[in-house]
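Chain by chain, the residues:
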Amino acid sequence: MDRLDFEAARSVSRRRLLTAGISGGAALIAARALGADVDLRLPGGNSARPLTSDFPQKGEMILQRARPVLLETPMEVFQHNLYTPNDRFYVRWHWSDMPTSIDVDQYRIAISGHVERPLSISLAQLLRMPRVELAAVNQCSGNSRGLFEPRVPGAQWGHGAMGNAKWMGVSLRHLLDLAGVRGGAVAVRIGALDKPLVEGAPAFEKALGIDHARDGEVMLAFAMNGEQLPLLNGFPVRLVVPGWYSTYWMKTVNTIEVLTAPDDRYWMAKAYKIPDTPRAHVAPGTKDFPTVPINRMNPRSWITSIADGASYGYDPVLPVEGIAIGGDSGVARVEISGNGGRTWEPAMLGREDDRYGFRRFTARIGVPRPGRVQVMARCTNTAGETQPMEANWNPGGYMRNCVEPVTVALT
Ligand SMILES: Nc1nc2c(c(=O)[nH]1)N[C@H]1C(S)=C(S)[C@@H](COP(=O)(O)O)O[C@H]1N2
Ligand SMILES: [Mo]
């Protein structure tokens, strides 16, 4: 983003954040009116989902669940936007008792634990601090879970539990430095305003290692694509952890706690654990395996210009477009196959704003005669990892990153 845009975004977010409260609680609970169905083409069947435009600050979304709110972004949004518009950005909450309105004057972020000076930061203070900005993809650990075979429990997402945005905020390091992290600190636990609905159930919180928390890129973001965050995406402040799955991207952050031991509470110690194996893969049915907390993302790519199962008019050249991510490193290349993976040709890559954002790719496939064509894209990241043909599997349905074939009929 050039300097001019940066200044514009800065003034927009400052003005809006300080004046706009958000209401919409009633609408949130009432959101029920449903539109046409969309077919996520999940192999386990039962893959139709209604479209809804009834959630506050959200346009047309795929309704996965109303309470807690789970909204998926339709694939065509990625075809038309390198940056996912805020009103089409997917939504995921664990507990249905999430904030439905925020008093921006009362909002505070408390920094406590193993620090020299415990602090309570207001939004006005946060907005006066030095800012960082970067593009990064927010992707749910379970994005594409509905494609797992055999099927695993959890939200049966298609590919739309992800989105790309330009995030602006204050680095977590800056806040930690203000509080003064004491020697012997090991981790930083982040808490939020949402509460479990069930008595005694653990509030959603996540922790990062102290060095990760202080890497200067992890930020408390108050702006997304130059606007304040939608309520459902964590207004007024969320954590952005570039290159890591969005389970760590805490929304409506209100506590930052410096720990002298790894976080042993439920959401780090028990939930979101993956097999400690390459690509978190185990043979379906396996139960006893060492686990680690889910962490960095892996390379992926999605063809967005043509839809699996669709028919198009025949033309000897089929243009193919899509988006790729490197994971926690950049996209080095994307290759395209029009023959089921026998041969691969390099795709053209669009500009890279930041290595954590979506990267656009385009290619043209020669199609000698009408008929069915299977098109594949495969991304290699700058760390040298390439998407494999075979799907990985684990009981949580996390980290799917195989090549996703798209078969179309050209008639
Ligand atoms: N406070 C809070 N933050 C949260 C969650 C939550 O339940 N509560 N869910 C996490 C998970 S698992 C995901 S996938 C992302 C979703 O971010 P989004 O709703 O902005 O797309 O938020 C993360 N941050
Ligand atoms: Mo998630």
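Residues numbered from 1 in each chain as written. Chains lettered and ligands numbered in written order. Predicted model: local features only at pLDDT ≥ 70, side-chain atom pairs only at ≥ 80, totals over all residues. Heavy atoms only, no water.

As annotated in an unreviewed UniProt entry, the chain carries the name Oxidase and comes from Sphingomonas olei. What the UniProt record of the chain gives under Cofactor (unreviewed entry) is the line "Mo-molybdopterin". (UniProt positions renumbered as here; feature names shortened; annotations may be inferred.)

### A closer look at the overall build of the chain
What the chain contains, in helices and strands, is seven helices and 26 strands. On C-alpha atoms alone, the chain measures out to a radius of gyration of 21 Å, which is about the 22 Å that the 2.2 N^0.38 rule sets for 411 residues. Projected onto its principal axes, the C-alpha coordinates of the chain cover approximately 70 × 45 × 45 Å. Counting every position in the chain, which comprises 411 residues, the buried fraction comes to 56%. The long-range fraction of contacts in the chain, counting pairs at least 24 apart against all pairs at least 6 apart in sequence, stands at 71%. Split by element, the accessible area of the chain, about 17000 Å² in all, is 50% carbon and sulfur. Charge separation in the chain, taken as the distance between the mean sites of 46 positive and 41 negative side-chain charges, equals 1 Å. (Helix = DSSP H or I, 4+ residues; strand = E, 2+ residues; numbered from the N terminus. Rg over C-alpha atoms; globule rule 2.2 N^0.38 Å. Buried < 20%, exposed > 50% of the residue type's maximum accessible area, 1.4 Å probe, protein only. Contact = heavy atoms within 4.5 Å. Areas by Shrake-Rupley, 256 points an atom, 1.4 Å probe, with all protein chains shown as cover. Lys, Arg positive; Asp, Glu negative; His and termini not counted. Charge placed at Lys NZ, Arg CZ, Asp CG, Glu CD.)

### Concerning the domain arrangement of the chain
With domains assigned, the chain is organised as domain 1 (108–134 + 165–293) and domain 2 (300–410). Each side of the interface is counted separately: domain 1 has 19 residues, and domain 2 has 17 residues. Carbon and sulfur atoms supply 60% of the area that domain 1 and domain 2 bury against each other, a total of about 1400 Å² over both sides. Ranking the residues of domain 1 by area buried against domain 2 places Gly 243, Tyr 245 and Arg 279 at the top, with a combined share of 36%. If you look at where domain 1 meets domain 2, you find zero salt bridges. Across the contact surface, domain 1 and domain 2 share seven residue pairs in polar contact (both at pLDDT 80 or more). (Domains from an automatic or database assignment. Buried area = accessible area lost by both parts, 1.4 Å probe. Salt bridge = Lys/Arg side-chain N within 4 Å of Asp/Glu carboxyl O. Polar contact = N/O pair within 3.5 Å; in protein donor to acceptor, adjacent residues only side chain to side chain.)

### Considerations on the site of ligand 1
Close to ligand 1 lie 19 residues, the nearest being Tyr 90, His 94, Asp 194, Arg 238 and Lys 251. Trp 249 is positioned with one of its backbone polar atoms (N or O) 3.0 Å from a nitrogen atom of ligand 1. Interatomic distance of 2.4 Å between a side-chain N/O atom of Lys 251 and an oxygen atom of ligand 1. In isolation ligand 1 exposes 540 Å². Once the protein is present, 100% of that is buried. Its residues assigned to classes, the shell around ligand 1 comprises 10 nonpolar, five polar and four charged. (Near = heavy atom within 4 Å. Nonpolar A, V, L, I, M, F, W, Y, C, P; charged D, E, K, R; others polar.)

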